[in-house]
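Each chain, letter by letter, is given below.
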Amino acid sequence: MSGSLGRASAALLHWGRGVLLRSPALRPRSSGPGGPDSGSTEHLDGLVKKDKVVVFLKGTPEQPQCGFSNAVVQILRLHGVSNYAAYNVLEDPALRQGIKDYSNWPTIPQVYLNGEFVGGCDILLQMHQNGDLVEELKKLGIRSALLDAKKDQDSK
C-alpha cells in the first residue's frame with residue numbers, strides 16, 4: 001500500500017466530519033472457518049458475486065481488527081452503504097489466502113462491487129475523494145448518502 005493510515009484517517013475525518021454512521025443491515029459472514037473449500041476459486045467466485053457490495057476484511061464491520069479494514073468500513077458508512085456482505089478473513093486462513101490468490105492482490109481488505117474487484121483501502125479512499133465511488137454506487141442502484149448531505153449543505 002502506498003498511502004498511510006494517517007492520511008486515510010485524516011481524509012475520512014475531513015470528508016465525513018468525524019461522524020460515525022451506524023449500519024444495521026450489515027451481514028457479517030463467515031465462510032465456515034477451516035472449511036476445506038473456503039479458499040477455492042469456485043467458492044470465492046460465489047461469494048464475490050452473491051451481493052452487490054462485498055468486503056473481505058480483518059475483523060467485522062462492527063469491530064475491524066486493522067486500520068485499513070476500519071477505513072474501508074468508515075468510507076462505506078459515509079456513503080450510507082449498509083447492505084453489504086462482509087467476510088472476516090481472520091476466522092479462516094484458507095479464505096484469507098484464497099481471496100488474495102483469487103484477486104491477485106496481496107493485501108486485505110478487498111472490496112468487490114457487482115462481482116468486480118475494486119481494490120483495497122487506498123483505491124477505495126481515492127475513489128471516495130475523487131467522486132468515482134458515488135458513480136460506481138449509482139451503477140449498482142445505491143444512492144450515496146454524501147449526495148444528500150451535499151444537497152442539505154447547499155440549501156443552507
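Report follows, based on the coordinates. Because the structure is a prediction, the values reported are computed rather than measured. (Residues numbered from 1 in each chain as written. Predicted model: local features only at pLDDT ≥ 70, side-chain atom pairs only at ≥ 80, totals over all residues. Heavy atoms only, no water.)

Re the overall build of the protein chain
Looking only at helices and strands, one finds 7 helices and 5 strands in the protein chain. Each helix and strand of the protein chain, placed in order from N terminus to C terminus, yields the pattern α-β-α-β-α-β-α-β-β-α-α-α. Every one of the 156 residues in the protein chain was classed for burial, and the buried ones make up 43%. Taking as baseline every contact in the protein chain between residues at least 6 positions apart, the subset at least 24 positions apart corresponds to 68%. With an accessible surface of roughly 8100 Å², the protein chain has 51% of that area assigned to carbon and sulfur atoms. (Helix = DSSP H or I, 4+ residues; strand = E, 2+ residues; numbered from the N terminus. Buried < 20%, exposed > 50% of the residue type's maximum accessible area, 1.4 Å probe, protein only. Contact = heavy atoms within 4.5 Å. Areas by Shrake-Rupley, 256 points an atom, 1.4 Å probe, with all protein chains shown as cover.)

Remarks on the side chain of Gln110
On the secondary structure map, Gln110 appears in strand β4 (residues 110–113). In terms of polar contacts, Gln110 uses its side chain to reach the backbone carbonyl oxygen of Thr107, at 3.2 Å. The residues touching Gln110, leaving out its near neighbours within four places in the chain, are Val54, Val55, Phe56, Ile99, Lys100, Ser103, Trp105, Phe117 and Gly119. (Polar contact = N/O pair within 3.5 Å; in protein donor to acceptor, adjacent residues only side chain to side chain.)

Let's talk about the packing of helix α3 (residues 67–78) against helix α5 (residues 121–130)
Close contact between α3 and α5 brings their axes to 9 Å; oriented N to C, the two are set at 25°. Here α3 is positioned roughly parallel relative to α5, judged by the angle of their axes. The element α3 and its partner α5 pack so that their crossing is left-handed. Contacts from Phe68, Ala71, Val72, Ile75 and Leu78 in α3 reach Cys121, Leu124, Leu125 and His128 in α5. Residues belonging to the contact of α3 with α5 are distributed by class as follows: 8 nonpolar, 1 polar and no charged. (Axes fitted to C-alpha atoms, helices over the stretch in contact; angles between N-to-C directions. Parallel < 35°, antiparallel > 145°, perpendicular 65-115°, else oblique. Left-handed = near helix turned anticlockwise from the far one by under 90°. Nonpolar A, V, L, I, M, F, W, Y, C, P; charged D, E, K, R; others polar.)

What about the pattern of salt bridges?
A complete count under the given rule lists 3 salt bridges for this structure. Where Asp148 meets Arg143, a salt bridge forms, and the shortest distance between an N and an O atom there is 3.0 Å. (Salt bridge = Lys/Arg side-chain N within 4 Å of Asp/Glu carboxyl O.)

Observations concerning the packing of aromatic side chains
Any two aromatic rings considered together are summarised by their centre-to-centre distance and by the angle between their planes. Summed over all chains, the structure comprises 5 aromatic pairs. Look at Phe56 and Tyr87: their rings are 5.2 Å apart centre to centre, the planes differ by 20°, and that puts the pair in the stacked class. Taken together, the positions of Phe56 in strand β2 (residues 53–57) and Tyr87 in strand β3 (residues 85–88) put the pair 31 residues apart, joining distant regions of the chain. For Tyr87, a relative accessible area of 1% translates into the label buried. One aromatic cluster in this structure is built from Phe56, Tyr87, Tyr102, Trp105, Tyr112 and Phe117. (Phe/Tyr/Trp six-rings, centres within 6.5 Å; stacked < 30°, edge-to-face > 60°.)

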